[in-house]
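Chain and residue survey
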Amino acid sequence: QVQLVESGGGLVQPGGSLRLSCAASGSISSFDAMGWYRQAPGKQRELVASITSSGTTNYADSVKGRFTISRDNAKNTVSLQMNSLKPEDTAVYYCNARTWFARFNFWGRGTQVTVSS
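Right, let's walk through the structure included here. Keep in mind the model is a prediction, meaning the values are calculated, not measured. Residues take numbers from 1 onward in each chain, read along the sequence in its written order. In view of the model being predicted, local features appear only for residues whose pLDDT reaches at least 70, and side-chain atom pairs are presented and counted only at 80 or more, with totals across whole chains, interfaces and linings using the full set of residues. Remark: hydrogens and water are excluded; side-chain values derive from all non-hydrogen atoms of the structure.

1. Some remarks on the state of the cysteines
Any two cysteine sulfur atoms lying within 2.5 Å of each other are counted as a disulfide. Counted under the stated rule, the structure contains one disulfide. Note on cysteine connectivity: Cys-22 is disulfide-linked to Cys-95, with sulfurs 2.0 Å apart. Here Cys-22 and Cys-95 share a disulfide; its torsion about the S-S bond, -85°, makes the bridge left-handed. Here Cys-95 lies in strand β9 (residues 91-98) and Cys-22 lies in strand β3 (residues 18-26), a separation of 73 residues in the sequence. In this structure, Cys-22 and Cys-95 share a single accessibility class: buried. Only DSSP runs of H or I covering at least 4 residues are called helices, and only runs of E covering at least 2 are called strands; the numbering of each starts at the N terminus. Throughout this description, buried means an accessible area under 20% of the type-specific maximum (1.4 Å probe, protein chains only), exposed means over 50%, and partly exposed covers the range between.

And the structure:
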């Protein structure tokens, strides 16, 4: 099995920055894609950003230009640098890791990001 552990969440003022990190460990050593999702109260979970093992990235339109995802394949870690944070970014952020063909899909427990004055 795989464990995903997120870190870096917290409270930040609008316009501030946070960096989320996720470390994967367990029996599976490689993933085709890793990424971050978020879920705000009363809303569906949505993709924030993802990155493949080859470095291809995908971002939600709402975070393009503000968030940057990165990955260390050797260490099975993925990070999300979040700049120019807005109150609407407030959500629980979940790390995700997927094996090839989406055969397995793993989730972290989530970390709270709150953007407020």
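On we go.
2. Structural notes on the environment of Ala-60
Position of Ala-60 relative to the elements: it lies in the loop between β6 (57-59) and β7 (67-72). Residue classification places Ala-60 among the buried residues on the basis of a relative accessible area of 16%. Each C-alpha atom of the pair Ala-60 and Val-78 lies 17 Å from the other, and the pair is 18 residues apart in sequence. Every residue pair with non-hydrogen atoms within 4.5 Å of one another is taken to be in contact. Residues within four places of Ala-60 in sequence aside, it is in contact with Leu-47 and Val-48.

3. Focus on the side chain of Asn-96
As for its position among the elements, Asn-96 is in strand β9. On the basis of relative accessible area, Asn-96 is assigned to the buried category, the value being 5%. We define a polar contact as two N or O atoms separated by no more than 3.5 Å, with the added condition that, inside protein, one atom must be a possible hydrogen donor and the other a possible acceptor, whereas residues neighbouring each other in sequence contribute only through side-chain atom pairs. In this structure the side chain of Asn-96 is engaged in a polar contact, spanning 3.2 Å, whose partner is the backbone oxygen of Phe-106. Among residues more than four places away in sequence, those in contact with Asn-96 are Leu-4, Ala-33, Met-34, Gly-35, Tyr-37, Asn-105, Phe-106 and Trp-107.

4. Brief notes about the pairing of strand β5 (residues 46-52)
Note on strand geometry: in a regular strand, side chains alternate between the two faces of the sheet. In this scheme, strands are said to pair when DSSP sees at least two bridges between them. Summarising the sheet, strand β4 (residues 33-39) and β5 pair through six bridges and their orientation is antiparallel. By the bridge assignment for β5, Ala-33 is matched with Thr-52. Joining the antiparallel neighbours β4 and β5 is a turn of six residues, in which Gly-42 adopts a positive phi near 75°. Bridging between β5 and β6 involves three bridges; their strand directions are antiparallel. The residue bridging Ile-51 from the neighbouring strand is Thr-57, located in β6.

5. Focus on the packing of aromatic side chains
Any two aromatic rings considered together are summarised by their centre-to-centre distance and by the angle between their planes. A pair of aromatic rings is counted whenever rings of Phe, Tyr or Trp (Trp by its six-membered ring) have centres within 6.5 Å, and the orientation is called stacked for planes under 30 degrees apart, edge-to-face for over 60 and tilted otherwise. One pass over the structure, following the stated rule, counts three aromatic pairs. With a centroid separation of 4.9 Å and 65° between ring planes, the pair formed by Tyr-37 and Trp-107 is classed as edge-to-face. Remark: Trp-107 occurs in strand β10 (residues 105-107) and Tyr-37 occurs in strand β4; sequence separation between them is 70 residues. Of the residues examined, Trp-107 reaches a relative accessible area of 36% and is grouped as partly exposed. Ring centres of Phe-104 and Phe-106 lie 6.2 Å apart, and the angle between their planes is 25°; this geometry places the pair in the stacked category.

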